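Residue-level structural notes
Chain residues, written in single-letter form:
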Amino acid sequence: MIRKLCSGSGLGLGSRFGSIRLSQRFVFLIFLSALITVCFGAIFFLPDSLRLRRFFLLSTDPQRTDMAGSGQGLGPRPAAASSHRQTEAHIGSLWRGKEDRLRKESLLDLIRQGVTEGEHRVINNSESGAAAVSGGLVETSNSHYAPSLEPRVQSADPDARSHREKVKEMMKFAWDNYRRYAWGTNELKPLSKNGHASGLFGGLLGATIVDSLDTLFIMGLQEEFREARQWVESNLDFNVNGEVSLFEVTIRFVGGLLSAFYLTGDELFKMKAIELGEKLLPAFNSPTGIPWALINLRSGVGRNWGWASGGSSILAEFGTLHLEFVHLSEVSGNPKFAEKVMGVRKFLNRLEKPHGLYPNYLSPVTGHWGQHHVSIGGLGDSFYEYLIKSWLMSDKTDEEAKTMYYEALQAIETNLVRKSASGLTYIAEWRGGILDHKMGHLACFSGGMLAMGADDAPGDQSKHYMELAAEITATCHESYQRSATKLGPEAFRFDGGADAVATRMNDKYYILRPEVVETYMHLWRFTHDPRYREWGWEAVQALEQHCRVDAGFSGIRDVYSTLPHHDDVQQSFFLAETLKYLYVLFSEDELLSPEHWVFNTEAHPLPVIRRNTQEQVITNDQ
Ligand code: DMJ
């Protein structure tokens, strides 16, 4: 009807206009202008007018429409919009050097493009034969959406620059081989040249793809990122009837998707992260709210690992969900994700702790500790990491996390930190009051953790914690130095004459783990002591020499032997973490600076949530 009126109004207008009186003309002109207003306005009120609205609004105010086509049904718009403003702010802070401004600006353009388009669709470009993705990224045949993602800042240190390029080449090699031989499966078997299925992910597929998204993006591997995004859009499916590890899926899949969203502004990743987060929520349905380790994604039924002391949940698993779940609330505007992990935190805070220490096992049914095994390595590690990172990610407002962290650290130092006869500082494990003088590769992340928490330490402990961080890092480096391959074992001991070496065959393997280079990266950033870059480069060379095979990178079974004995798995965390940390180690400090970003335990960067936007979604006090 409106269209009819509009089109009819112009017919024969010029010829009739001359034959009517002035007052009639005046009335007619008023009528005409009213009609034009109605027609024009209708464009904005018709339900299918979003595209036109975009067309009109885009050029003058790119941010006005930012949430127009997104976040439907996912929560209150203000929170989502605020998260977008934050995203822009964080992207803005990604590369802040003067020389880097162009790159930053083009990224911001890219994000605005993604946000204002509000849709992600695959366009088949029949002329060029190339598939192109618009919205978040990017056309391959015509790269007008696509800024170069290559860092424009070139390191003043030419060695660092070439080392970073080497790490990028390793990433490309690892990725290309995964793509060629194992595409869509979870991980690559680089000797068998096929896919590796891990029990951790149930029927979920594509762990390497999701885990690699941000690394590809950060390294400027644009074509590879585009393919990964395409796979996520077309194939990443959570409707599987399988049991997944809540922890592993959270840190790798949810973390990877959230990070990809924050880096690119691409709504696809946000929607996928929220969809998966919803599927994981039933894991918290236990009598105490302490989540089960395993969750069936279809039925929502949870249970614990059979091997875990008396049906317990594991500290490093249920205590390492916080960053991702808080961000799920942030991007969805739905507080329930944050409420679940806050509930876990409060439960733990209330519990009596033996000597102030947190045992690794806790029953989700009775709420009592299981076996009194305490470790800052496997089974305990990232619980402590997430306390200090919660403090940092909350823009230093999460006092509860801060207090729990420093109290736990104090207990760890008193009860577990020891020096070997040769003067190496290590963190032992505790078994019901008896010290086990071994340190796991996993525990080596703690050098970085100590450094990142040093500044806010109570009293005058800052310097002390930095020294402790440096000592732990040096010990972990020794565990690498003392092997024939210059890679570190899974666990090394400080008893029976051993000093930072593995003594048991089943501790001698190295599975491409990141913790040691992760700590080098943090220590480099906090101290700029060149030794950390030197040690990182040693690790690169050792990886090249002993882990690189024809079709990717493989773990090795004995770091003390130079005879090749590979385990035939290219772990997804090698691409997510080991290579990313090495790349950041050789990059400028502005790349993913700690002022703005916190790495989840799988090295997926998540932005600091600024104080003034927190009240909207974080219900801290429930
Ligand atoms: C990663 O999945 C994470 O770093 C986790 O916290 C510990 N284990 C691996 C890497 O070693």
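Below, the structure is looked at part by part.

Thresholds, definitions, all that
Residues numbered from 1 in each chain as written. Predicted model: local features only at pLDDT ≥ 70, side-chain atom pairs only at ≥ 80, totals over all residues. Heavy atoms only, no water. Salt bridge = Lys/Arg side-chain N within 4 Å of Asp/Glu carboxyl O. Helix = DSSP H or I, 4+ residues; strand = E, 2+ residues; numbered from the N terminus. Buried < 20%, exposed > 50% of the residue type's maximum accessible area, 1.4 Å probe, protein only. 1 Å grid on protein atoms, 1.4 Å probe; cavity = no way out; pocket = protein on both sides within 12 Å on 5 of 7 lines; lining within 4 Å. Points joined across faces, edges and corners; volume = space filled by probe spheres on them. Nonpolar A, V, L, I, M, F, W, Y, C, P; charged D, E, K, R; others polar. Near = heavy atom within 4 Å. Polar contact = N/O pair within 3.5 Å; in protein donor to acceptor, adjacent residues only side chain to side chain. Sits in = over half its atoms within 2 Å of the grid points. Core = buried A, V, L, I, M, F, W, Y, C linked by side-chain atoms within 4.5 Å. Contact = heavy atoms within 4.5 Å. Pairing = 2+ DSSP bridges. Expected span 1.5 Å × (residues − 1). Axes fitted to C-alpha atoms, helices over the stretch in contact; angles between N-to-C directions. Parallel < 35°, antiparallel > 145°, perpendicular 65-115°, else oblique. Left-handed = near helix turned anticlockwise from the far one by under 90°. Disulfide = S-S within 2.5 Å. Phe/Tyr/Trp six-rings, centres within 6.5 Å; stacked < 30°, edge-to-face > 60°. Lys NZ or Arg CZ within 6 Å of the ring centre and 35° of its normal.

Our next topic: the pattern of salt bridges. What the rule picks out here adds up to 37 salt bridges. Across the pair K419 and E471 runs a salt bridge, and its minimum N-O distance is 3.2 Å. Note that K419 is positioned in strand β11 (residues 417-419) and E471 in helix α18 (residues 462-481), a separation of 52 residues in sequence. The class of E471 is partly exposed, set by a relative accessible area of 30%. Ionic pairing is found between R431 and E429, a salt bridge with its closest N-O pair at 3.5 Å. Note on R431: relative accessible area 38%, which makes it partly exposed. Look at the salt bridges and you will find they share partners, linking E429, R431, D436, R493 and D495 into a network.

What follows deals with empty space enclosed by the protein. Overall, the coordinates contain five cavities of 30 Å³ or more when judged by the stated rule. Each pocket or cavity is described by its volume, and for the largest cavity that value is around 120 Å³. Lining the largest cavity are 13 residues, with F318, G319, H322, V341 and R345 sitting closest to its centre. Put simply, the parts of the chain that give the lining of the largest cavity at least two residues each are α14 (336-350) and α15 (381-393). Its residues assigned to classes, the lining of the largest cavity shows eight nonpolar, four polar and one charged.

In this section: unusual backbone geometry. Backbone geometry at L379 places phi at a positive 80°, although glycine is not the residue there. Checked against the element boundaries, L379 lands in the loop between β10 (373-374) and α15. Residue classification places L379 among the partly exposed positions, given a relative accessible area of 25%. In this structure, D568 takes a positive phi of about 65° despite not being glycine. By the element assignment, D568 lies in the loop between β18 (552-553) and α21 (572-585).

Let us now look at the site of the ligand. All residues in the neighbourhood of the ligand are listed as I251, R252, L442, R513, P514, E515, F573, E577, T601 and E602. Within the contact set of the ligand, an oxygen atom lies 2.7 Å away from a side-chain nitrogen or oxygen of R513. At 2.6 Å, a side-chain N or O of E515 approaches an oxygen atom of the ligand. According to the grid-proximity analysis, the pocket containing the ligand is the largest pocket. Every element with two or more residues in the shell around the ligand is listed here: α10 (246-264) and α21. Counted by class, the shell around the ligand contains four nonpolar, one polar and five charged residues.

Moving on, we come to the nonpolar core. With 151 residues, the main nonpolar core has V232, L280, L348 and Y384 as its most contacted residues. If one sorts the elements of this core by residue count, α10 sits on top with twelve residues. Ignoring anything within four residues of it in the chain, the contact list for V232 reads I209, V210, L213, L257, L268, F269 and K272. Within the second largest apolar cluster, six residues are counted, among which are W305, A308, I314 and Y361.

Strand order in the open sheet made by the three strands is β10-β13-β14, with antiparallel pairing throughout. Edge strands, defined here as strands with exactly one partner in the open sheet, are β10 and β14 (434-436). Where β10 and strand β13 (residues 429-431) come together, two bridges link them in antiparallel fashion. Note on β13: the bridge partner recorded for V374 is W430.

The next point concerns the environment of S462. Counting through the fold element by element, S462 comes out in helix α18. For S462 and L450, which are twelve residues apart along the polypeptide, the C-alpha to C-alpha distance reads 9.5 Å. Look past the residues within four positions of S462 in its chain and what remains in contact with it is A454, D455 and A457. Here A454 takes part through its backbone oxygen, which lies 2.8 Å from a polar atom of the side chain of S462.

This brings us to helix α9 (residues 222-235). Under the 1.5 Å per step criterion, the end-to-end length of α9 is 20 Å for 14 residues, consistent within 8% with the ideal 20 Å. Every buried residue belonging to α9 is among E224, F225, R226, E227, A228, R229, Q230, W231 and V232, and all of these are buried.

Turning our eyes to something else, we now look at the packing of helix α11 (residues 267-280) against helix α13 (residues 322-332). For the pair α11 and α13, interaxial distance at closest approach is 10 Å and the crossing angle is 125°. Here α13 runs oblique to α11, going by the angle between their axes. Where α11 crosses over α13, the handedness of that crossing is left-handed. On the side of α11, the interface is formed by K270, A273, I274, G277 and L280, while α13 contributes F325, L328, V331 and S332. Residue classes in the contact of α11 with α13 are distributed as six nonpolar, two polar and one charged.

Bringing the state of the cysteines into the picture now. One pass over the structure, following the stated rule, counts one disulfide. The partner cysteine of C444 in its disulfide is C476, sulfur to sulfur 2.1 Å. Taking the torsion about the S-S bond as the criterion, the C444 to C476 disulfide, at about -95°, is left-handed. Highlighted residues: C444 in the loop between β15 (438-440) and α17 (446-454) and C476 in helix α18, separated in sequence by 32 residues.

In this section: the packing of aromatic side chains. Enumeration according to the criterion identifies 25 aromatic pairs in this entry. Here F225 and F269 contribute two aromatic rings whose centre-to-centre distance is 6.0 Å and whose plane-to-plane angle is 65°, an arrangement assigned as edge-to-face. Of the two residues, F225 sits in helix α9 while F269 sits in helix α11, which places them 44 residues apart along the sequence. Neither F225 nor F269 differs from the other in exposure class; each is buried. Both rings, one in W305 and one in W307, keep their centres 6.1 Å apart while their planes meet at 20°; by these two values the pair is stacked. The class of W305 is buried, set by a relative accessible area of 17%. Pairwise contacts between aromatic rings join Y358, W369, F383 and Y384 into one cluster. In this structure, K272 packs its charged tip against the face of F238, placed 5.8 Å from the ring centre.

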